[in-house]
Amino acid sequence: MSVETIIEVRNVSKWYGAFQVLTDINLTVRKGERIVICGPSGSGKSTLIRCFNRLEAHQEGDIVVDGIHLHAKMRNISDVRRNVGMVFQHFNLFPHMTVLMNCMVGPMWISGVPEAEARARALKYLDRVRIPEQANKFPVQLSGGQQQRVAIARSLCMQPAVMLFDEPTSALDPEMVSEVLETMTGLAKDGMTMVCVTHEMGFARAVADRVIFMNAGQIVEEAKPDEFFSNPRHERTKLFLGQIL
Ligand code: ADP
Ligand code: MG
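The following refers to the structure shown. For every chain, the first residue of the written sequence is number 1, and numbering continues from 1 onward in sequence order. Chains carry letters and ligands carry numbers; both start at the beginning, A for chains and 1 for ligands, and go up in the order they are written. Reporting in this predicted model follows two pLDDT cut-offs: at least 70 for local features of residues, and 80 or more for side-chain atom pairs to be given and counted; totals over whole chains, interfaces and linings ignore these cut-offs and use all residues. Excluded from the side-chain calculation are hydrogens and water; included are all heavy atoms of the structure.

**Examining the packing of aromatic side chains**
Part 1 of the reasoning: A pair of aromatic rings is counted whenever rings of Phe, Tyr or Trp (Trp by its six-membered ring) have centres within 6.5 Å, and the orientation is called stacked for planes under 30 degrees apart, edge-to-face for over 60 and tilted otherwise. For the structure shown, the criterion picks out two aromatic pairs.
Part 2 of the reasoning: Ring centres of F213 and F240 lie 5.1 Å apart, and the angle between their planes is 50°; this geometry places the pair in the tilted category. Linking F213 in strand β9 (residues 210-215) with F240 in helix α9 (residues 235-244), this pair joins segments that are 27 residues apart in sequence.
Part 3 of the reasoning: Ring centres of F228 and F229 lie 5.3 Å apart, and the angle between their planes is 90°; this geometry places the pair in the edge-to-face category.
Part 4 of the reasoning: Buried means the residue's accessible area, taken with a 1.4 Å probe over protein chains only, is under 20% of the maximum for its type, while exposed means over 50%, and partly exposed covers the values in between. Judged by relative accessible area, F229 falls into the buried class, the value being 9%.
Part 5 of the reasoning: Here, a charge over a ring is recorded when the distance from Lys NZ or Arg CZ to the ring centre is within 6 Å and its angle to the ring normal is within 35 degrees. The residue whose ring lies beneath R154 is F94, and the NZ or CZ to ring-centre distance is 4.9 Å. Strands here are runs of E lasting at least two residues and helices are runs of H or I lasting at least four, both read from the DSSP assignment and numbered beginning at the N terminus.

Structure representation (structure tokens):
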């Protein structure tokens, strides 16, 4: 049985001006897989996942996302954005809209979903991240952990094929980290395809099918969590794990 590929990355390199930020990246994400990407600050983790929904453009190699080939002349970037949910470190909610509207506008404005259906969908996913009672508040009235769960619900409302997370807990006060990780763990249990940049190694152990370690724009090591943590092969990985564990 062939397993559906959601993200295919082949020999991808990228430069910011003269600075090479990604070097010959190869990676396949299959439907239902959970990938954790870790590595030191500046190693290119954000840049890599931002290439997956074309927030950044790569210059060499091929990226195919949910069957769509990403390249300079592509005309269907909005199809890619629709299929790829992204959750950022700093939530990026619309401050002037209620929680409910934050969740409704994507389906309504981007996918043309009727208002009543968008509202029902928003309430369903706010319930799923366990904050239905916050629907009529504004983001500023919520805690950081609640705002991040709204951001997750907002992404889910687009019913994406894959969800990308870029250090979703690193801007949170420590007591709020677990509620967001629990939400993400729930998504994983429901079978969501996920690529998570995170240094939450407990989450990686519990949820990831594979852990990818990046350093200086390259994938240095890729392993199942048990193997990655108990028997890292590369010196750079050992050094990194020594610093964060
Ligand atoms: P990470 O997420 O692993 O911390 P990033 O992908 O954010 O790494 O950044 C990788 C490198 O690229 C860093 O050296 C960073 O300074 C540089 N960089 C990131 N974004 C830009 C940009 N828009 N222009 C120029 N350099 C950038
Ligand atoms: Mg980053």
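**As for the pairing of strand β3 (residues 34-38)**
Part 1 of the reasoning: Among the five residues of β3, five are classified as buried, and the element is accordingly described as predominantly covered.
Part 2 of the reasoning: The alternating pattern of β3 places R34, V36 and C38 and I35 and I37 on opposite faces, both of which are buried.
Part 3 of the reasoning: Any two strands with at least two DSSP-identified bridges between them are counted as paired. Two elements, β3 and strand β8 (residues 194-197), share four bridges in a ladder whose sense is parallel. Counterpart to R34 in the pairing with β8 is M194.
Part 4 of the reasoning: Pairing of β3 with β9 involves four bridges; the strand directions are parallel. The residue bridging C38 from the neighbouring strand is F213, located in β9.

**Some words on the side chain of N215**
Part 1 of the reasoning: Assignment of secondary structure puts N215 in strand β9.
Part 2 of the reasoning: Whenever two N or O atoms come within 3.5 Å, that pair is a polar contact, provided that in protein one can donate a hydrogen and the other can accept it, and provided that, for residues adjacent in sequence, both atoms are side-chain atoms. One polar contact links N215 to R236, side chain to side chain, over a distance of 3.4 Å.
Part 3 of the reasoning: Note on definitions: a residue-residue contact is assigned when non-hydrogen atoms from the two residues lie within 4.5 Å. With residues up to four places along the chain from it excluded, the contact list for N215 reads P40, S43, V220 and R236.

**Observations concerning the site of ligand 1**
Part 1 of the reasoning: Note on terminology: near, applied to a residue and a molecule or strand, indicates that one of the residue's heavy atoms is within 4 Å of it. Taken together, Y16, F19, V21, P40, S41, G42, S43, G44, K45, S46 and T47 make up the full set of residues near ligand 1.
Part 2 of the reasoning: One nitrogen or oxygen atom from the main chain of G44 is found 3.0 Å from an oxygen atom belonging to ligand 1.
Part 3 of the reasoning: A distance of 2.8 Å is found between an oxygen atom of ligand 1 and a side-chain nitrogen or oxygen belonging to S46.
Part 4 of the reasoning: All accessibility values rest on the Shrake-Rupley procedure with a 1.4 Å probe; residue burial counts only the protein chains present in the view. In the complex, 59% of the free accessible area of ligand 1, which totals 570 Å², lies under the protein chains.

**What about the side chain of R54?**
Part 1 of the reasoning: Summarising the element assignment, R54 is placed in the loop between α1 (45-52) and β4 (60-65).
Part 2 of the reasoning: Think of it this way: Lys and Arg go in the positive column, Asp and Glu in the negative one, and His and the chain ends go nowhere. For this analysis, a salt bridge means a side-chain nitrogen from Lys or Arg found within 4 Å of a carboxyl oxygen belonging to Asp or Glu. Buried and unpaired, R54 has E56 as its nearest opposite-charge partner, separated by 9.2 Å.
Part 3 of the reasoning: Every residue in contact with R54, bar those within four places of it in the chain, is listed here: L70, H71, A72, M74, I77 and R81.

**A word on the sheet that holds strand β1 (residues 5-16)**
Part 1 of the reasoning: One open sheet holds the four strands; their spatial order is β2-β1-β4-β5, and the pairing between them is antiparallel. Strand pairing shows two members of the sheet lacking a second neighbour, β2 (19-30) and β5 (68-70), which therefore form its edges. Neighbour-to-neighbour, the strand axes of the sheet open up by a mean angle of 20°, direction not taken into account.
Part 2 of the reasoning: By the bridge criterion, five bridges tie β1 to β4 in an arrangement that is antiparallel. What sits directly across from V9, in β4, is I63.
Part 3 of the reasoning: Angular values range over 0 to 180 degrees, each being the angle between N-to-C directions of two axes fitted as lines to C-alpha atoms, with helices fitted over their stretch in contact. Sheet strands touched by α1: β1, β2, β4 and β5. Its angle to β2, the strand with the most contacts, is close to 55°.

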